[in-house]
Amino acid sequence: MSQLVARALLPKRKRIVNSRLRNRKVQDIHSPPEINKDMEKAETSVYFAGFWMRLWAFLLDMITVFSLNGLLVYPLLRLTNVNGLLSLGPFNLETVLSAVIFFLYFATMTKIYGQTIGKMILGLRVISLKNDELSWTQIIFREGVGRFIHQSFFLLYVIYVMVAFTTKKQGLHDVIADTCVIHEREEQTHM
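What comes next concerns the included structure.

The rules we used
Residues numbered from 1 in each chain as written. Predicted model: local features only at pLDDT ≥ 70, side-chain atom pairs only at ≥ 80, totals over all residues. Heavy atoms only, no water. Helix = DSSP H or I, 4+ residues; strand = E, 2+ residues; numbered from the N terminus. Buried < 20%, exposed > 50% of the residue type's maximum accessible area, 1.4 Å probe, protein only. Pairing = 2+ DSSP bridges. Axes fitted to C-alpha atoms, helices over the stretch in contact; angles between N-to-C directions. Parallel < 35°, antiparallel > 145°, perpendicular 65-115°, else oblique. Left-handed = near helix turned anticlockwise from the far one by under 90°. Contact = heavy atoms within 4.5 Å. Nonpolar A, V, L, I, M, F, W, Y, C, P; charged D, E, K, R; others polar. Phe/Tyr/Trp six-rings, centres within 6.5 Å; stacked < 30°, edge-to-face > 60°. Patch = residues over 30% accessible without salt bridge, like charges linked within 9 Å, V, L, I, M, F, W, Y side chains within 5 Å. Areas by Shrake-Rupley, 256 points an atom, 1.4 Å probe, with all protein chains shown as cover. Salt bridge = Lys/Arg side-chain N within 4 Å of Asp/Glu carboxyl O. Expected span 1.5 Å × (residues − 1). Bend = angle between axes of the 7 residues up to and from the residue. Core = buried A, V, L, I, M, F, W, Y, C linked by side-chain atoms within 4.5 Å.

1. Looking at unusual backbone geometry
At Lys-169, a residue that is not glycine, the phi angle is positive and equals roughly 55°. Following the sequence through the fold, Lys-169 ends up in the loop between helix 6 (136-152) and helix 7 (172-177). Of note, the phi angle at Asp-178 is positive, near 60°, even though the residue is not glycine. Position of Asp-178 relative to the elements: it lies in the loop between helix 7 and strand 6 (179-183). Residue Asp-178 is classed as partly exposed on the basis of its relative accessible area of 28%.

2. A look at the pairing of strand 5 (residues 124-128)
The side-chain alternation of strand 5 yields one buried face, formed by Leu-124, Val-126 and Ser-128, and one unburied face, formed by Arg-125 and Ile-127. Note: strand 5 against strand 6, 5 bridges, orientation antiparallel. When the sheet's bridge partners are listed, Val-126 is paired in strand 6 with Val-181.

3. Some thoughts on the packing of helix 3 (residues 51-80) against helix 4 (residues 93-113)
Direction vectors running N to C along helix 3 and helix 4 enclose 135°, while the axes themselves pass 9 Å from each other. Judged by the angle between their axes, helix 3 and helix 4 are oblique. Crossing angle aside, the handedness with which helix 3 passes helix 4 is right-handed. Between helix 3 and helix 4, the residues in contact are Phe-58, Asp-61, Met-62, Thr-64, Val-65, Leu-68, Asn-69, Leu-72, Val-73, Tyr-74, Leu-76 and Leu-77 and Leu-93, Glu-94, Leu-97, Ser-98, Ile-101, Phe-102, Tyr-105 and Phe-106, respectively. Its residues placed into classes, the contact of helix 3 with helix 4 shows 15 nonpolar, 3 polar and 2 charged.

4. Digging into the packing of aromatic side chains
Enumeration over the complete set of coordinates arrives at 5 aromatic pairs. With a centroid separation of 5.1 Å and an interplanar angle of 75°, the aromatic rings of Phe-51 and Trp-52 are classed as edge-to-face. Given a relative accessible area of 23%, Phe-51 falls into the partly exposed group. Judged by relative accessible area, which is 58%, Trp-52 ranks as exposed. Each member of the aromatic cluster is reached from another via a ring pair, and the members are Phe-58, Phe-102, Tyr-105, Phe-106 and Tyr-160.

5. Describing the side chain of Thr-110
As for its position among the elements, Thr-110 is in helix 4. With residues up to four places along the chain from it excluded, the contact list for Thr-110 reads Gln-115, Thr-116, Val-126, Leu-134, Ile-139 and Glu-143.

6. A word on a nonpolar patch on the surface
The grouping of Ile-112, Tyr-113, Ile-117, Met-120 and Ile-121 at the surface amounts to a nonpolar patch, some 490 Å² of accessible area in total. The set of elements that each furnish at least two residues to the nonpolar patch consists of helix 4 and helix 5 (117-122). Here the nonpolar patch takes 3 residues from helix 5, the largest share from any one element. Within the secondary structure, Ile-117 is located in helix 5.

7. Some points on helix 3
A rise of 1.5 Å per residue sets the reference length of helix 3, with its 30 residues, at 44 Å; its end C-alpha atoms lie 41 Å apart and thus fit the reference within 8%. The axis of helix 3 is deflected most strongly, by about 40°, at Gly-70. Among the residues making up helix 3, those that are buried are Arg-54, Ala-57, Phe-58, Asp-61, Thr-64, Val-65, Asn-69, Val-73 and Leu-77. Asn-81, located one to two residues past helix 3, shows a positive phi value of around 55°.

8. Looking at the nonpolar core
The biggest cluster of nonpolar side chains holds 8 residues, and these are Ala-49, Ala-57, Ala-107, Leu-124, Val-126, Leu-134, Ile-139 and Val-181. Contacts of Ala-49, omitting those with residues within four sequence positions, involve Arg-54, Leu-124, Val-163, Lys-169, Val-181, Ile-182 and His-183. With 6 residues, the next largest nonpolar core counts Phe-58, Val-65, Phe-102 and Tyr-105 among its residues.

So, in structure tokens, the structure goes:
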């Protein structure tokens, strides 16, 4: 009987487990405030999206951009028949219009929704590291300047691998714009 009384007097413990088992935490309900603050920080932590998740999202986005080009650019060029007339060196009108569609897709989707269709499907979101909301300056640097550096030469695609090795899983375009990509999933708590 005395053991039951002793158990009843012990502080109750609540087990909090987030979606990754390696970050298990046990919290006393009657614990000091500084431990509770640490638990709140752990509960609001973000998970940075790694290389493979971002690669799959990018491939889904490329399917979307290719489809948009097939619906908008190619029929327009066939109807007007101006593709061969307007060309500057290696760049023809088809290449320029496809690049504009590529930039507009990534820039508008990222600014309006914080994610592209590929990121929506995989539950990823682009966030700013300095503000609450992404600014147009960040979007232009991330999607314009950063991706132009990646896309200007085929060998520069290798720079995307830096996502796998940085602490916040940032690519060069993320570092330039001061952004990162996170998982949207919510923390799950179990008792």
